[in-house]
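Chain by chain, the residues run as shown.
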Amino acid sequence: MSAAASLPENAGAAAAEAPLLSVSDLTLHIPMPPHVLRAVDGVSFDLRRGETLGLVGESGSGKTLTALMLMRLLEPPLAALPKGRVQFGDTDLMALDEARMSALRGRAISMVFQEPMTSLNPVMTVGRQIAEPLVRHLGLSAREAAARAEEMLRLVQIPDPARVARAYPHLLSGGMRQRVMIAIALACRPAVLVADEPTTALDVTVQAQILELLGELQREMGSAILLITHDLAVIAETAHRVAVMYAGRIVEEAPVAALFAAPRHPYTRGLLASIPKIERVPAPTLPEIPGMVPGAADRPRGCAFMPRCARAVSGCAAEAPPLDPIAPGHRVACWNPANG
Amino acid sequence: MAETLLKVSGLEVHFPIRSAFLRRRIGTVRAVDGVDIEVARGETLALVGESGCGKTTTGKAILRLIDPTRGSIRFDGEEIARHGAARLAPFRRRMQIVFQDPFASLNPRMTVGGILAAPFEIHRIGTPADRPERIAALLRTVGLRPEAARRYPHEFSGGQRQRIGIARALALEPELIIGDEPVSALDVSIQAQVINLMKRLQAERGLAYIMISHNLAVVSHVADRVAVMYLGRVVETAPRETLFFGARHPYTQALLSAVPEPVPGLRRTRQVLQGDVPSPARPPTGCHFHLRCPIAQARCAQEAPAQRIIAPGHAVACHLVAP
């Protein structure tokens, strides 16, 4: 095997490689007089070839908006508001006009949504929905695209792909629809796949199938995956690195093992402690994080987690802490991080 | 075991499938297809399974929110499966429900005080004069301030709304509360608060719970016993620890192995089930699980297995599980 041919697939070199996608200072401030909703507030991360970065957070943390911004899928009037850079190769996605962005979307970078029924076209057969980007982006003939569509359905382990290709989405179960979504998203072998809660609407046995499938396809195609979820167990089993969001910011980012073994941000700690685990003798009460997430309009000026934080110190109210390195590959935004 | 509060046997709930034209009956969905469960006073029975397994329908039939097609529901010794509205009324006080979506289940046009007063008005309990005090006490019980009574549901977060839903269920001092996915719509950090609240209330008031949930990790924290459903039938019932660490039914085992664990690098040998859950309108013959079962034999396609007791408190419906 020649070195040149094997290089891009070489997962071992991934860490040293330049990032495939580099997000910096992504911001979405929505004016709502007399307030400004700071929905996303300076989010930065890198995504490398062949890796899965898990973006976790609770509702309202800004994780889905982050994804929609980098896909440039926000609708007007929000579409004009995002600020920041999304460097993809030598292109800044944020600076592209819609024509050039839509040439990339679905081909080089594509997205899987949580609710497959609302994101599939109900009046178009499954086969045509997979074939469409192949015709549009790769210039395949209708016949070639139809054959590729069937192949994609086989790849996502749909039984009887020829029959399913002719079916309409409402005839399929939730798990099958999500497989179809994945087939559409991967049809053009994108370098980056953004998956927003891809298994949240599914039953656990089907979730296990879909996660396994995403992992296999990633190993085969070398795509990078940004996996957005609120489910830390899904993250633990599928992500290489994790970024934890709280109130519009990333508060901690680390390799998955480090994050679970030694979380440094008090919010990450609280979140990990509060997940119910299946144990022989469960604790009589689950650890709670007191209080609740502040709304986007009434976030404190300093660290947004401060009102719920047991480790808060005097400086926390004054200024939001920057996301700074605390160990190799491990960043935390906290004025008083817990010990590792 | 403590005194039995609820005993359900042979419960069936069928829904007709009607044609679009002339509304002729063209089939039947056997949503609940022969369920036997028991709940003792003060205990939590979890009813688990995937979408379409009939767990929610079972809960609603027990509360008589939908009519059972067949079978028996005995509450505190009295058969209520065929009671009419009048004879059911006293039992409605004794059994309550907490829904999954606290926003959809609270009337947006009523204040929280109005929502919590309704059970007292409907059941003619107390006097209008003592209601504010009763409502304030309920709100305090679930960890909210009495001032919340003057506000509307939309002014509260999801976790707070679920506390209001719990307060409403507690108003009539029921003996049994059915929680239909009561924490599934909540964020993890809030989920823990609501689980702890429900456990505390149970300890203080001796409540029995039926917890309907698809989240096995949550169930493992609240249940005393667990019943696993698949396509309208209970396939395995066991005490909590036995179910999570000594499950015998192949479906329970597959379900447990599919649950992701919050521990990186812990790649268990996962039994990934093939295919999806079949439609309850066209359930497979014999054992409903046989099409996806890794150990199915010819017999499983023909004959539905009955639940057999293989150890104290542990029943399994599988031809291939020896006691």
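Residues numbered from 1 in each chain as written. Chains lettered and ligands numbered in written order. Predicted model: local features only at pLDDT ≥ 70, side-chain atom pairs only at ≥ 80, totals over all residues. Heavy atoms only, no water.

J.: Hey, could you run me through the sheet that holds strand β10 (residues 233-239) of chain B in this one?
T.: Picture the strands of a sheet paired through backbone hydrogen bonds; they go either parallel or antiparallel. Residues and elements named next belong to chain B. With respect to topology, eight strands assemble into an open sheet ordered β6-β7-β8-β3-β9-β10-β12-β11, the strand pairing being mixed. The open sheet has two edge strands, β6 (95-98) and β11 (308-311), and neither has a second partner. Averaged over all pairs of adjacent strands, the angle between their axes in this sheet comes to 25°, without regard to strand direction. Relative to strand β9 (residues 225-230), strand β3 (residues 44-48) runs parallel, the two sharing four bridges. Directly across from L47, in β9, lies its bridge partner A227. Along the sheet, helix α2 (residues 85-94) makes contact with β6 and β7 (176-180), crossing β6 at roughly 55°. (Pairing = 2+ DSSP bridges. Helix = DSSP H or I, 4+ residues; strand = E, 2+ residues; numbered from the N terminus. Axes fitted to C-alpha atoms, helices over the stretch in contact; angles between N-to-C directions. Contact = heavy atoms within 4.5 Å.)

J.: Explanation requested: the packing of helix α5 (residues 158-170) of chain B against helix α6 (residues 188-205) of chain B in the structure shown.
T.: When two helices pack together, their arrangement is given by the angle between their axes and by how far apart the axes lie. Residue and element names in this part refer to chain B. Where α5 meets α6, the axes come as close as 10 Å, and the angle between the chain directions of the two elements is 20°. In terms of their interaxial angle, α5 and α6 are classed as roughly parallel. Here α5 runs over α6; the crossing is right-handed. Contacts from G159, Q162, R163, I166 and L170 in α5 reach I190, Q193, V194, L197, M198, L201 and R205 in α6. Residue composition of the contact of α5 with α6, grouped by class: seven nonpolar, three polar and two charged. (Parallel < 35°, antiparallel > 145°, perpendicular 65-115°, else oblique. Left-handed = near helix turned anticlockwise from the far one by under 90°. Nonpolar A, V, L, I, M, F, W, Y, C, P; charged D, E, K, R; others polar.)

J.: Sorry, what's going on with the side chain of E43(B) here?
T.: Residue and element names in this part refer to chain B. Within the fold, E43 resides in the loop between β2 (25-40) and β3. Here E43 falls in the buried class, since its relative accessible area comes to 9%. Setting aside residues no more than four positions away along its own chain, E43 makes contact with E38, Q202, L207, A208, Y209, D224 and R225. (Buried < 20%, exposed > 50% of the residue type's maximum accessible area, 1.4 Å probe, protein only.)

J.: What is the right way to read the nonpolar core from this model?
T.: Generally speaking, a soluble globular protein has its nonpolar side chains buried in company with each other. Of all hydrophobic cores here, the largest spans 66 residues; its most connected members are L139(B), I166(B), L170(B), V226(B), V228(B) and Y251(B). A per-element tally of this core places α6(B) first, with seven residues. Each residue touching I166(B), except ones within four places of it in the same chain, is listed here: V98(B), V142(B), V194(B), L197(B), M198(B) and L201(B). Counting 63 residues, the second largest nonpolar core, distinct from the first, contains L202(A), L213(A), L227(A) and A239(A). (Core = buried A, V, L, I, M, F, W, Y, C linked by side-chain atoms within 4.5 Å.)

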